[in-house]
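Structural overview for review
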Amino acid sequence: LRNPSLAARFAEMVMQIRADLTEFVRDRQRSRDLPVDAPAEALATAFISIVPGYILQLALLGPAGVDGIPGALRALWPSSASTGTQPSGSSARTS
């Protein structure tokens with residue numbers, strides 16, 4: 001950003017979001033809902049990188065434009081689907 005004051009405020013906001021999300025990821029890693037072989041900070045950073053694109057597509061294309069996202073995320077983290085385990089607090093769906 002060109003405005004140093006605005007850049008500092010924005011950086012502070014993003015760092016706080018990253019810190020909060022990192023704590024959330026650590027909690028999910030402890031409960032084995034997220035992979036434990038990647039640092040929580042790296043996963044939080046990846047999630048922060050994904051969100052703006054999701055929001056942009058949802059805003060421009062509507063719900064149909066993002067309807068494949070749940071399946072894509074399951075493909076990225078197949079361990080729960082392939083082992084038949086459910087994340088903490090989840091119940092199995094019946095077809």
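Provided above is the structure to which this section pertains.
Below is a summary of the structure that appears in this document. (Residues numbered from 1 in each chain as written. Predicted model: local features only at pLDDT ≥ 70, side-chain atom pairs only at ≥ 80, totals over all residues. Heavy atoms only, no water.)

Section: the environment of V66
Assignment of secondary structure puts V66 in the loop between α2 (40–61) and α3 (69–76). When the C-alpha atoms of V66 and I55 are compared, they prove to be 9.2 Å apart, with 11 residues separating the residues in sequence. What V66 contacts, discounting residues up to four positions off in sequence, is Y54, Q57 and L58. (Helix = DSSP H or I, 4+ residues; strand = E, 2+ residues; numbered from the N terminus. Contact = heavy atoms within 4.5 Å.)

Side note on the packing of helix α1 (residues 4–30) against α2
Between α1 and α2, the least distance of the axes is 8 Å, while the angle of their chain directions is 120°. Here α1 lies oblique to α2, going by the angle between them. In this structure, the crossing between α1 and α2 has a hand that is right-handed. When α1 is examined against α2, the residues I17, R18, L21, T22, V25, R26 and Q29 are found in contact with a partner set consisting of A40, E41, L43, A44, T45, F47 and I48. (Axes fitted to C-alpha atoms, helices over the stretch in contact; angles between N-to-C directions. Parallel < 35°, antiparallel > 145°, perpendicular 65-115°, else oblique. Left-handed = near helix turned anticlockwise from the far one by under 90°.)

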